[in-house]
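Residue strings, one per chain:
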Amino acid sequence: MSESAKSMLSEDEISQLVSLQKECLRRYAHKEEHITLEQWLNDELQHALPDHSQEEISEWCGQILNQTELLQQKQSQLQKSKEDGRSKESWFAGELIKSTEHFVNQEHSVAFLQNLDSALVQANQSLLKTITTKSGAINQNPQLKGFLAEQMQAQTFNLNATVARSPYRAKALEPSPSGYKKNSVDIVVKNTKTGKTASRYQAKYYQDSCATEAAFKRGKYNGQQKLVPKGQKINAKSTEVLTSPDGVTSNPLSVQEAQQLQDMAQSGNWKPLSWNAYNTKAVAKELAVQTGQAALLGMAVAGGVTVAEQMVQGEDLDVERIAEATVTAGADIAGNAVATAALKIAVEKGTIKILPPGTPVSTLADIVFVAVENGKVLKQAVEGELTPYEAANAMEETTMATVAGIAASTQATQIGSSIGMVLGPPGAVVGGIIGSVIGYMAGSTAGRLVARGRQMMRKITREILCTAGKKMKDIWESLQIGLAEAFE
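Predicted model, so just to flag it, every value in this text is computed and none were measured. For every chain, the first residue of its written sequence is number 1, and the numbers climb from 1 along that sequence. Where local features are concerned, this predicted model is filtered to residues with pLDDT of at least 70; where side-chain atom pairs are given and counted, the filter is 80 or more; whole-chain, interface and lining totals use all residues. Excluded from the side-chain calculations are hydrogens and water; all other atoms, namely the structure's heavy atoms, are used.

**Things to note about the nonpolar core**
Nonpolar side chains in soluble globular proteins tend to end up buried together.
Next, step 1: The nonpolar core is taken to be a set of buried Ala, Val, Leu, Ile, Met, Phe, Trp, Tyr and Cys residues, with the residues joined through side-chain atoms within 4.5 Å. Only protein chains enter the accessibility calculation, which uses a 1.4 Å probe. A residue is then buried if its area is under 20% of the maximum for its type, exposed if over 50%, and partly exposed in between. With 54 residues, the main nonpolar core has Leu41, Leu45, Leu343 and Val430 as its most contacted residues.
Next, step 2: Think of it this way: any DSSP run of H or I at least four residues long counts as a helix, any run of E at least two long counts as a strand, and we number them from the N terminus. Looking at this core, the element that brings in the most residues is helix α14 (residues 333-348), giving ten residues.
Next, step 3: Leu127, Ile131, Ala258 and Ala277 belong to the second largest nonpolar core, which has 19 residues in total.

**A few points about the confidence of the model for the protein**
Next, step 1: On a range of 0 to 100, pLDDT expresses the predictor's confidence in each residue. Of all residues in the protein, 68% attain a pLDDT of 70 or more, and the chain-wide mean is 76.
Next, step 2: Any two residues having at least one pair of non-hydrogen atoms within 4.5 Å are treated as being in contact. Confidence drops under pLDDT 50 across residues 100-110; counting only partners more than four residues distant or on other chains, this segment forms 21 contacts.
Next, step 3: Long-range and interchain partners of residues 296-312, a stretch whose pLDDT sits below 50, account for 56 contacts in this model, where long-range means more than four residues apart.

**Some words on helix α8 (residues 209-217)**
Next, step 1: Three or more residues of α8 are buried, namely Thr212, Ala215 and Phe216. Buried residues along α8 cover an arc of 100° about the axis, so they all sit on one side. When the buried face of α8 is taken as reference, the exposed residues oriented beyond 90 degrees from it are Cys210 and Lys217.
Next, step 2: Structurally, α8 contributes buried residues whose contacts are with β3 (197-203) and β4 (225-227).
Next, step 3: For α8, the N-terminal capping position is held by Asp208, with its side-chain oxygen 3.1 Å away from the main-chain nitrogen of Cys210. Directions from the helix axis toward the C-beta atoms define the arc. Polar contacts, as used here, are pairs of N or O atoms within 3.5 Å; protein pairs need one atom able to donate a hydrogen and one able to accept it. Residues neighboring in sequence count only if both atoms are side-chain atoms.

**Re the packing of helix α4 (residues 54-83) against helix α15 (residues 361-382)**
Next, step 1: Between the N-to-C directions of two axes lies an angle of 0 to 180 degrees, each axis being a line fitted to C-alpha atoms and, for a helix, fitted only over the stretch in contact. The interhelical angle for the contact between α4 and α15, taken along N-to-C directions, is 40°, at an axis separation of 9 Å. Our classification of the angle between α4 and α15 gives oblique. By crossing handedness, the relation of α4 to α15 is classed as right-handed. Counted together, Trp60, Gln63, Ile64, Gln67, Thr68, Leu71, Gln72 and Gln75 of α4 and Val361, Ser362, Ala365, Asp366, Phe369 and Glu373 of α15 form the full contact between these two elements.
Next, step 2: The residue classification treats Ala, Val, Leu, Ile, Met, Phe, Trp, Tyr, Cys and Pro as nonpolar and Asp, Glu, Lys and Arg as charged. All others, Gly included, are polar. Here the contact of α4 with α15 is composed, by residue class, of six nonpolar, six polar and two charged. Roughly parallel refers to an angle under 35 degrees, roughly antiparallel to one over 145, roughly perpendicular to one between 65 and 115, and oblique to any angle outside these ranges. By convention, the crossing between two helices is left-handed when the near helix turns anticlockwise from the far helix through less than a right angle, and right-handed when the turn is clockwise.

**Quick look at the sheet that holds β3**
Next, step 1: On the basis of which strands lie adjacent, the open sheet formed by five strands has the order β1-β2-β3-β4-β5 and mixed pairing. Of all the strands in the sheet, just β1 (168-172) and β5 (238-239) have a single pairing partner and so form its edges.
Next, step 2: Criterion used throughout: strands pair if DSSP finds at least two bridges between them. Where β1 and strand β2 (residues 187-191) come together, five bridges link them in antiparallel fashion. Of the residues in β2, the one forming a bridge with Ala172 is Ile187.
Next, step 3: Helix-sheet contacts for helix α7 (residues 144-163) involve β1, β2, β3 and β4, and the interaxial angle to β1 is about 165°.

Here it is, written out as structure tokens:
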């Protein structure tokens, strides 16, 4: 067994947890066919925990099934989103944003998300104003792309500034009733706290760099930075993006992209900016980093648990069939639910001390889900379906799906502690044992594959951690700090 597991669980605790997992899975495998999974869970928990009411047991069973199904849905949604070309960070950010209602008591998180919403509304209002005339008709000006480029530069800057919690905002200046003044400024960036202008920009969007440079030479733009299309940097004093003193930038925009915006507007196919307009990596950066670190932590802590291999031998075919379905790629609610029920029994009986009695059953379902999904990944890695680094990425995705599930189902005041328990050392150690039990009960071959996968991933984990210049202790501390800031 790993030193990390030994320091958190005694050998006797591990032995009892393994026995509970094994017995529950065996009893489920031999249940009568007409008994549903929910009925079996009720009977099993009621028999093992007679001091708890039937109402409480029924509630636990519902939570086990609901949370297990929710987590598997999140996992499937993440994979579908990736197939559609969306990054896992973008999906993750969107899931957290959809769970805003669970942050009702967390003013900082709510304010941040609401600010993102407000910034998006303001950006779309400004763009809509640019593409319409005073009468409300679509502006058919053949040079509309230039005005759209200015507005898009200003609005993407503002979206990025909102994410970065920067006081700077950009504004594309509008003409006076008499029209634009000669050599007038196109865009300004101001500090909203002090009211001071940080920079002024003159934008020119012509077909190529020669035409753009010639346009600048026809005017006098003292005190203004030259804003040019992406790929057309004409000299050292030109720039493709707006920039604030604190490092916020707009998104570069090419002439072709500006023309596409004009075509969309003038053909009646204008599409307002959506959440995808944000740099979603920046929106999700803190939690995405945290979840990635937690995935690494889980691999490092849980690896090397061998008690299951010693205790689980000679299983019958019915048990092996259920366990194999659990560790094989694809959704299997039954295996996860049975393992969660066994863990709940162990927790309520005080069999293991690192997870206290009263630990929410949904949290236990999260621990089991991570263990089972990572077991599948380990098996795929050893079979050559995934490289070690692809396996590490897949484990990170498991963690993201789990955090999304926790955020979608947990009360605001419990989110931080739930994530910390599931992804921290307690959940990693317990999950490692459960994953090993199910792996070995699936048959000696599957068990050996999972064990070899753990050994391989521990080595890769060390390499990743060394590359990142982080020790495991440092990662866990940063995880705790990040969660406290994000959720509490």
